Amino acid sequence: MAKIAFIGLGNMGGPMAANLCKAQHHVTAFDLSDAAVAVAVEKGAHKAKSAAEAVKDAEIVVTMLPAGKHVRAVYETDVLPNAKKGTLLIDCSTIDVESARHVAALAQKGGYEMIDAPVSGGVGGATAGTLTFMVGGPDASFAKARSILEKMGKNIVHAGGSGNGQAAKICNNMILGVSMIAVSEGFMLAKRLGLDAQKLFDVASTASGQCWSLTNYCPVPGPVPTSPANRDYQAGFTAAMMLKDLLLAQQAASAASATTPLGAEAAQLFSLFVNSGHGAKDFSGIIRMLDGK
Ligand code: NAD
């Protein structure tokens, strides 16, 4: 049983902390929202009045926060000044690579071990304990964190040094955003040409057009019964989250002088979709905007 501080108990962090409690760890929980802390306490966590209080006796700190600025603030103000030296720090938030590397460097300088461990799998995966973790950080820290991550996820990948977990996450999601638009355009063109959606699916899913956006998450109703298209694009993975990740990818591409014109276009299209009031819809709903609806 490890003493774990968990900070950030939202849609993802709440169920992840609950899985650590279920695995008999001693979890001390903090969130700015009292309601979120109350839910964590119901699931077996111990309440902390502040992030500083949560981390002071912890062997491991897990954070699941909205964005880079929250992660920088929580580590600089609360975690690093208060946690014991040698504490293992695990940031599961999806943030920019630069912030992840900045905080990891501060942590290392202060005598802590730190990994970035963003996830995919959504709230469903967080609740079921089947998340995929993409981990950046030293080998020894990864080895130490593994047994904790396994209580919250199924597929744990060590992607390299600090920040590489975030890099893996945004590269994957940039591919996903672009491929969803490409698949949507294929179905839109098929419709205009009088080609049935199921026929296109039967061909493309076994031919060179095959990809996850087509075969697992088809944006038109019918061919893949579990895809959000069959339930009016109820998320799933929201368009707002996709836009966040595409913008992080663009920020990283700009900093690294990488040429990603399709990623940039995808960010623009999802921005249009989100700003026209569809941020809470599943990201595959972008097909409706492309269809002029
Ligand atoms: P959320 O907004 O539901 O939860 C974030 C929580 O952090 C909130 O409860 C908020 O009160 C808390 N918080 C913010 N600042 C804080 C601070 N200074 N101290 C303590 N608590 C603070 O967000 P979420 O959906 O749980 O997402 C969390 C992270 O996981 C994000 O980085 C997101 O991109 C990533 N993510 C989300 C999903 C998803 O499907 N929701 C999937 C994969 C990754």
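Description of the structure in this document. (Residues numbered from 1 in each chain as written. Predicted model: local features only at pLDDT ≥ 70, side-chain atom pairs only at ≥ 80, totals over all residues. Heavy atoms only, no water.)

**As for the nonpolar core**
Applied cut-off: Side-chain atoms within 4.5 Å are what join buried Ala, Val, Leu, Ile, Met, Phe, Trp, Tyr and Cys residues into a set we call a nonpolar core. Note on classification: 1.4 Å probe, protein chains only; a residue is buried when its accessible area is under 20% of the maximum for its type, exposed when over 50%, partly exposed between these limits. To qualify as a helix, a DSSP run of H or I must reach at least 4 residues; to qualify as a strand, a run of E must reach at least 2; elements of each kind are numbered from the N terminus. Should any heavy atoms of two residues lie within 4.5 Å, those residues are counted as being in contact.
Core analysis: the largest hydrophobic core is formed by 34 residues, its most contacted members being Phe6, Met16, Ile90, Phe133 and Leu149. For this core, the secondary-structure elements that each account for two or more residues are β1 (3-7), α1 (13-22), β2 (26-30), α2 (34-42), β4 (60-63), β5 (88-91), β8 (131-136) and α7 (139-149). Discounting residues that sit within four places of it in the chain, Ile90 has contacts with Ile60, Val61, Val62, Thr63, Tyr75, Ile115, Ala117, Ala145, Ile148 and Leu149. Counting 24 residues, the second-largest nonpolar core is a separate cluster that includes Phe30, Leu65, Val71 and Leu80.

**Side note on the environment of Ser208**
Checked against the element boundaries, Ser208 lands in the loop between α9 (197-204) and α10 (212-215). A C-alpha to C-alpha distance of 43 Å links Ser208 and Ala105, two positions 103 residues apart in sequence.

**Quick notes on α1**
With nine of ten residues buried, α1 is to be regarded as a mostly interior element. The complete set of buried residues in α1 reads Gly13, Gly14, Pro15, Met16, Ala17, Ala18, Asn19, Leu20 and Cys21. Buried residues along α1 sit against β1, β2, β7 (119-120), α6 (122-128), β8 and α7. Positive backbone phi, approximately 70°, marks Gln24, located one or two places after α1.

**Quick word on the packing of aromatic side chains**
Basically, it comes down to this: Any pair of Phe, Tyr and Trp rings, taking the six-membered ring for Trp, is counted once the centres come within 6.5 Å. Such a pair is stacked with planes under 30 degrees apart, edge-to-face with planes over 60 apart, and tilted for the rest.
Tallying each qualifying case throughout the model produces four aromatic pairs. Ring geometry for Phe237 and Phe283: centres 5.7 Å apart, planes at 75°, overall edge-to-face. You can see Phe237 sitting in the loop between α10 and α11 (239-255) and its partner Phe283 sitting in the loop between α12 (261-278) and α13 (286-290), a full 46 residues away along the chain. Each ring, one from Phe270 and one from Phe283, has its centre 6.3 Å from the other, and the planes form 35°; the classification is tilted. Taken together, the residues Phe270 in helix α12 and Phe283 in the loop between α12 and α13 connect sequence positions 13 residues apart. An aromatic cluster is defined as three or more aromatic residues linked by ring pairs; in this entry it consists of Trp212, Tyr217, Phe237, Phe270 and Phe283.

**Focus: the layout of surface pockets**
For the record, the criterion: A 1.4 Å probe that fits into a set of points on a 1 Å grid over the protein atoms alone but cannot get out defines a cavity; an open set with protein on both sides within 12 Å along at least five of seven lines defines a pocket, and lining residues are those with an atom within 4 Å of a point. Grid points are joined across faces, edges and corners, and a volume is the space filled by probe spheres set on the points. Basically, the charged four are Asp, Glu, Lys and Arg, the nonpolar ten are Ala, Val, Leu, Ile, Met, Phe, Trp, Tyr, Cys and Pro, and anything else, Gly included, counts as polar.
A volume near 310 Å³ is recorded for the second largest pocket. Val97, Ile170, Ala252, Ala253 and Ala256 are the residues nearest the centre of the second largest pocket, which is lined by 17 residues in total. Of all the elements in the fold, those that place two or more residues in the lining of the second largest pocket are α5 (97-109), α8 (164-192) and α11. Ranked by residues supplied to the lining of the second largest pocket, first place goes to α11 with six residues. When grouped by side-chain class, the residues that make up the lining of the second largest pocket number twelve nonpolar, two polar and three charged.

**Some details on the packing of α8 against α11**
What counts, and what does not: Here an angle of 0 to 180 degrees is reported between the N-to-C directions of two axes, which are lines fitted to C-alpha atoms, with helices fitted over the stretch in contact. Handedness of a crossing follows from how the near helix is turned relative to the far one, being left-handed for an anticlockwise turn of less than a right angle and right-handed for a clockwise one.
α11 packs onto α8 with a crossing angle of 115° between their chain directions and a minimal axis gap of 9 Å. Considering how the two elements wind past one another, α8 and α11 form a crossing that is left-handed. Residues Lys169, Ile170, Asn173, Met174, Leu176 and Gly177 of α8 touch α11, and the partners they reach there are Met242, Asp245, Leu246, Leu248, Ala249, Gln250 and Ala252. Broken down by class, the residue content of the contact of α8 with α11 amounts to eight nonpolar, three polar and two charged.

**What about the pairing of strand β9 (residues 153-160)?**
Spelled out, the test is: Here the rule is simple: two strands pair whenever DSSP picks up at least two bridges between them. Look down the strands so they point away from you; if the path from the first strand over the helix to the second goes clockwise, the crossover is right-handed.
Two strands pair when backbone bridges link them, and β8 and β9 are joined in this way by six bridges, in the parallel orientation. Bridging from a neighbouring strand, Gly136 pairs with Gly160 of β9. At this point the chain moves from β8, through α7, to the parallel β9, and the crossover so formed is right-handed.

**Points about the site of the ligand**
Spelled out, the test is: Any residue with a heavy atom positioned within 4 Å of a molecule or strand is treated as near that molecule or strand. N or O atoms closer than or at 3.5 Å make up a polar contact, with two conditions inside protein: a donor-capable atom paired with an acceptor-capable one, and, for residues adjacent in sequence, both atoms drawn from side chains. Under the convention used here, a 1.4 Å probe and the Shrake-Rupley method define accessible areas, while residue burial counts only the protein chains that appear. Domain ranges listed in this record stem from an automatic or a database domain assignment.
Inspection of the region around the ligand gives 20 residues, with Asn11, Met12, Asp31, Leu65 and Lys244 positioned closest. Between the ligand and Met12 there is a distance of 2.8 Å, counted from an oxygen atom to a backbone nitrogen or oxygen. In the environment of the ligand, an oxygen atom lies 2.8 Å from a nitrogen or oxygen atom belonging to the side chain of Lys244. Contact with the protein chains covers 83% of the free accessible surface of the ligand, which is 830 Å². Residue assignment for the shell around the ligand shows that the elements contributing at least two residues are α4 (68-82) and α11. Residue composition of the shell around the ligand, by class: ten nonpolar, seven polar and three charged. Here the shell around the ligand spans two domains, since at least three of its residues come from each of domain 1 (3-161) and domain 2 (167-290).

**Details of the environment of Lys281**
Mapping Lys281 onto the fold places it in the loop between α12 and α13. Taking C-alpha positions, Lys281 is 5.5 Å from Gln234, a pair spaced 47 residues apart along the chain. If we skip the residues at most four places from it in the chain, Lys281 touches Asp232, Tyr233, Ala235, Phe237, Thr238, Ala239 and Phe273.

**Section: unusual backbone geometry**
Here the bond from Ala235 into Gly236 is cis, since omega is 15°, no more than 30 degrees from zero. Along the chain, the position of Gly236 falls in the loop between α10 and α11. Of note, the phi angle at Gln24 is positive, near 70°, even though the residue is not glycine. Relative to the assigned elements, Gln24 resides in the loop between α1 and β2.

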